[in-house]
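Letter by letter, the chains look like this.
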Amino acid sequence: MVGEEVLDETEQSMVERVQQGVRAQHVISHLETEVNEDLSCRSLPGAFLLFGCFMVSCLLADESTLNFSTRSLLNEILTEDANFAYIPGSQFQHDLGADQDVGMKVLDNANTRQDVHSWFRLGFFPLFQGSFATDDPADTSAIVTQWEYNAAIGGVRLSQELAPVEDCRDPGLAKALANFDSCSPAFYFRSTPLSPHLPDILAREVKADNPVRWFFFSEDWATIEARIDATLRPNSTWLQRRRGESVRAAVPLYNPELHTITVVYAEFFFARSGKQWARVLAPTLKLQVYYKLAHIVADVICLLSVLRIFYIEGKELYTIIVEAKQNEMARLHTLLQHFTQFCNAVDELCAVGFAVLVYFWVQHIQNTETLSEMLEGGAFSRRVMTGSEAEKEEALGALLDHVEMSLRHQITVGYIRSICLFLVPLRMFKAFSAQARLSILTRTFAVCAVELFHFLLVFFTLFMTWAVAGIVLFGNSIEEFADFERAMNTCLRVVLGEIVWYEVREEAGPIVAALWLWTFCFVNSLVVLNMLLAIIMDAYSEVKSSVGTHSETLPEQAWETFTHWKARRAGQRLSVREILHALEAKHLGGEILITPASFCKLVAGLSPKQAEEVLIGSLQDADDLQRSAHSVSGVITMVGAVDTRVQATHRNLSRLFGHSVASSTGAESGPVTSESVLDAVAALTEAFREGQQNTRQRLDKMEEYMRLVSDPEGLAISGLGSSVLTTSGLGVGHRAFVKSRTKSRGEAGAKVRKLANATAAKLGGPSNAQLTQGLNPCSPVMWFES
């Protein structure tokens, strides 16, 4: 109806909309969301507790600071203090009272087999024997080390690793030019011969066919020196130059302050290209795992949390199996569906990971206890080993083998612990997923996963292209491009902002270096990485816009959970799960409207206040679902579509006005332009205003005439007689006139309205209702309108 104000549903208050009713499907969906959010909020404290305690446990179990300080100390001593190539001291040194000779070389200067022999004889063994290149016998009753906090145990094991023998690539040339009857394959480590690392060294056990020599600290220096010469001289029979790949010395050290055992490795590697390099390592093993109360408490809490995870997962699996059996479903298929869900898979992986970690950790504790027992009794009960040489070799060999096995086991525990460190945050993300604001990060990765997959395919294709090109161009002269692993790491550093310009320019020249570096930085750093940020930001904007305006923050949700729990304890409120089960038991249709009164009838014990809160929350969730989420790319697409439609509308209006102007002005007016259209519109508007004014004047006259006709006394007073009525064609009685007018006013009003609306549509002017706005409701014109 004209003049009636239509109130939009969104403008109504939530209370008014709730009184009108909420669909049952919206209520059930809201209750399910509330149940998930409640479970998520309740699981967050346990997840944070497990995360924090596991972090503390990892830090206290490794104690990387102490291990690093021990390793760095021993590494500096063996690389800087183990000198060789001695010359007589200068006169200045003699004046200062230093009568010792001076070693001119250190470990990094050992580049030949002769240097290896000299370093072991003059640099390495004197550090442990307490004598510096002298012929004096060792004092067996003294501490057999020069370091204050580390005592050497037993002696030194010197082992040689042999390479397999095979035919040379060209036996004729090998025999004619080098007198080689056989060859060994080129030496190769996983980390390349440039820098072998700790896992490589520890993983290579001393095999039964590898030559081994023992040097015990209880022996005098003359015996040790003779054995060194017989073992390491270039012309010795023990050192096999053709097959030898490495020579490794291993010495166990005990630190009474830290109660740790450290194995010092000094190893020389020999590549078939002639390259020789050395590496010193000193891995440390704690003999007492638990000696801090905080470590014990952290591990106990972690164990209890893991047991709780096992209990929850076991209970859930049991429920699934029972339901599958009752519903006559395939158990294996049901379990497979359960495990393929991301959240359930995270829980199962977390449980399995911690079970494996506990198993290896118990074995690690047993290994340390066995080492402590070996050191406390038998051959190592005193500072100097006693017994026959065979007994000492067996005891020291067993100790070193068990320490190396424990160190390898410790590295394995570290790998498993690292995996669990990533599984624990994933379990926290599962708890985050039910909270709208905490789940933004995980949902962002889920939204952009497909785009990231295709992007990474393109990125790694380009990345590996430049990495291999770097190997081809600079691999022969720059260590950072010597192999594929180092080239990939170098390219990654360049992408992150570290420039290797000077190294590349010096080896390859400015032109080649500039072409490689500039193209790599432009394509991968400036273009590809910005595309990655654009993909992530586009997904983030979409996820962020989908978060409802009524979404609660984490503190608000925590406070709401606490207050609801307190109200349930007082008997003032029902739990959300109880309300959900009550509605599901009713089997309501999704389109049924639920009001607060009917809600209280459906759920026994539900208060009107809680019913209204649940229904308001259902409406808010429904409104948030109706709001479409838009990403940046989606908004740009929508703007483009709007622009296209606006342009199409502009073209249609131009054609319409053009046809109107052409039909009104004739063909001689020339082509239709925007100026002519505007002029025509202005002329039509002016003409419409004049017509509207004339129509208003005519309507006023008609109203005056009709008033006079309907009032004969007024007509007589005005001096108009019956002749006037007769002359004007209105010579009828009053009742007859009113009756005839009433009978025909419907048809006349319809004709008037039809004619007025057609005129307004043709001229583009106001409607008939707008023309009659402001007139007297009792006027004849308004009679026609009615």
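Scroll up a little and you will see the structure.
Residues numbered from 1 in each chain as written. Predicted model: local features only at pLDDT ≥ 70, side-chain atom pairs only at ≥ 80, totals over all residues. Heavy atoms only, no water.

### Focus: the overall build of the protein chain
Scanning the protein chain from N- to C-terminus turns up 28 helices and eleven strands. Counting only residues that meet the buried cut, the protein chain has 36% of its 786 residues in that class. Across the protein chain, the fraction of contacts at a sequence separation of at least 24, relative to all contacts at a separation of at least 6, is 71%. Accessible area for the protein chain stands at about 46,100 Å²; split by element, carbon and sulfur atoms hold 60% of it. (Helix = DSSP H or I, 4+ residues; strand = E, 2+ residues; numbered from the N terminus. Buried < 20%, exposed > 50% of the residue type's maximum accessible area, 1.4 Å probe, protein only. Contact = heavy atoms within 4.5 Å. Areas by Shrake-Rupley, 256 points an atom, 1.4 Å probe, with all protein chains shown as cover.)

### Let's talk about a nonpolar patch on the surface
On the surface, Leu 456, Phe 460, Met 464, Val 468, Val 472, Leu 473, Phe 484, Ile 511, Val 512 and Leu 515 cluster together into a nonpolar patch covering about 900 Å² of accessible area. Going through the elements one at a time, helix H14 (449-474) and helix H17 (510-546) are the ones with two or more residues in the nonpolar patch. Ranked by residues supplied to the nonpolar patch, first place goes to H14 with six residues. Turning to its location among the elements, Val 512 is positioned in helix H17. (Patch = residues over 30% accessible without salt bridge, like charges linked within 9 Å, V, L, I, M, F, W, Y side chains within 5 Å. Salt bridge = Lys/Arg side-chain N within 4 Å of Asp/Glu carboxyl O.)

### So, the nonpolar core
Trp 119, Phe 120, Phe 124, Phe 125 and Phe 128 are the most contacted members of the largest nonpolar core, which totals 36 residues. Where this core is concerned, the elements lending two or more residues are helix H3 (64-81), helix H5 (113-129), strand E5 (155-162), helix H8 (221-232), strand E7 (244-255) and strand E8 (260-270). The biggest single contributor to this core is H5, with eight residues. Those residues within four positions of Phe 125 in sequence are excluded, and the remaining contacts are Phe 120, Val 156, Phe 215, Trp 221, Ile 224 and Ile 228. Core analysis: the second largest hydrophobic core is formed by 21 residues, Trp 466, Phe 474, Cys 491 and Val 528 among them. (Core = buried A, V, L, I, M, F, W, Y, C linked by side-chain atoms within 4.5 Å.)

### A short note on a negative patch on the surface
A surface patch of negative charge is lined by Glu 76, Glu 80, Asp 81 and Asp 108. Looking at the secondary structure, you find Asp 108 in the loop between strand E3 (102-105) and H5. Relative accessible area serves as the criterion here: at 57%, Asp 108 is assigned to the exposed category. (Lys, Arg positive; Asp, Glu negative; His and termini not counted. Charge placed at Lys NZ, Arg CZ, Asp CG, Glu CD.)

### Overview of the layout of surface pockets
Estimated volume of the largest pocket: approximately 970 Å³. Those elements that place two or more of their residues in the lining of the largest pocket are helix H2 (24-62), helix H9 (293-326), helix H10 (331-340), helix H11 (342-376) and helix H12 (389-432). Split into classes, the residues belonging to the lining of the largest pocket amount to nine nonpolar, nine polar and nine charged. (1 Å grid on protein atoms, 1.4 Å probe; cavity = no way out; pocket = protein on both sides within 12 Å on 5 of 7 lines; lining within 4 Å. Points joined across faces, edges and corners; volume = space filled by probe spheres on them. Nonpolar A, V, L, I, M, F, W, Y, C, P; charged D, E, K, R; others polar.)

### A word on the pairing of E5
The buried fraction of E5 amounts to eight of the eight residues, a majority that puts the element mostly inside the structure. Both E5 and strand E6 (residues 212-216) contribute to a ladder of five bridges, which runs antiparallel. Across the sheet, residue Gly 155 finds its bridge partner in E6, namely Phe 216. Note that E5 and E7 share six bridges and pair antiparallel. Residue pairing in the sheet places Arg 157 in a bridge with Ala 250 of E7. (Pairing = 2+ DSSP bridges.)

### Things to note about H14
Between the first and last C-alpha of H14 there are 36 Å, a value that for 26 residues agrees with the 38 Å anticipated at 1.5 Å per step. Those residues of H14 that sit buried are Leu 452, Phe 455, Phe 459, Phe 463, Trp 466, Ala 467, Gly 470 and Phe 474. On its buried face, H14 is in contact with helix H13 (440-447), helix H15 (484-495), helix H16 (501-508) and H17. (Expected span 1.5 Å × (residues − 1).)

### A closer look at the pattern of salt bridges
For the structure on display, the rule yields 15 salt bridges. Glu 63 is paired through a salt bridge with Lys 292; the nearest N and O atoms lie 3.6 Å apart. Separated by 229 residues along the polypeptide, Glu 63 in the loop between H2 and H3 and Lys 292 in the loop between strand E10 (284-286) and H9 bring together distant segments of the chain. Residue Glu 63 is classed as buried on the basis of its relative accessible area of 12%. We classify Lys 292 as partly exposed; its relative accessible area is 36%. One salt bridge in this structure joins Arg 573 and Glu 613, with 3.2 Å as the shortest N-O distance. Remark: Glu 613 occurs in helix H21 (residues 608-626) and Arg 573 occurs in the loop between helix H18 (554-569) and helix H19 (576-586); sequence separation between them is 40 residues. Connected through shared salt-bridge partners, Arg 121, Glu 225, Asp 229 and Arg 233 make up one network.

### Things to note about unusual backbone geometry
Unlike most non-glycine residues, Asn 179 shows phi in positive territory, near 60°. Mapping Asn 179 onto the fold places it in the loop between helix H6 (171-178) and helix H7 (198-203). Looking at Asn 179, the relative accessible area reads 48%, which means it is partly exposed. The phi dihedral of His 259 is positive, around 55°, even though this residue is not glycine. With respect to the element layout, His 259 can be found in the loop between E7 and E8.

### Structural notes on the packing of H11 against H12
With their axes 8 Å apart at the nearest point, H11 and H12 run at an angle of 155° to one another. Comparing their axes, H12 and H11 come out roughly antiparallel. For the crossing formed where H11 meets H12, the hand is left-handed. Of the residues assigned to the contact of H11 with H12, the class counts are 22 nonpolar, ten polar and four charged. (Axes fitted to C-alpha atoms, helices over the stretch in contact; angles between N-to-C directions. Parallel < 35°, antiparallel > 145°, perpendicular 65-115°, else oblique. Left-handed = near helix turned anticlockwise from the far one by under 90°.)

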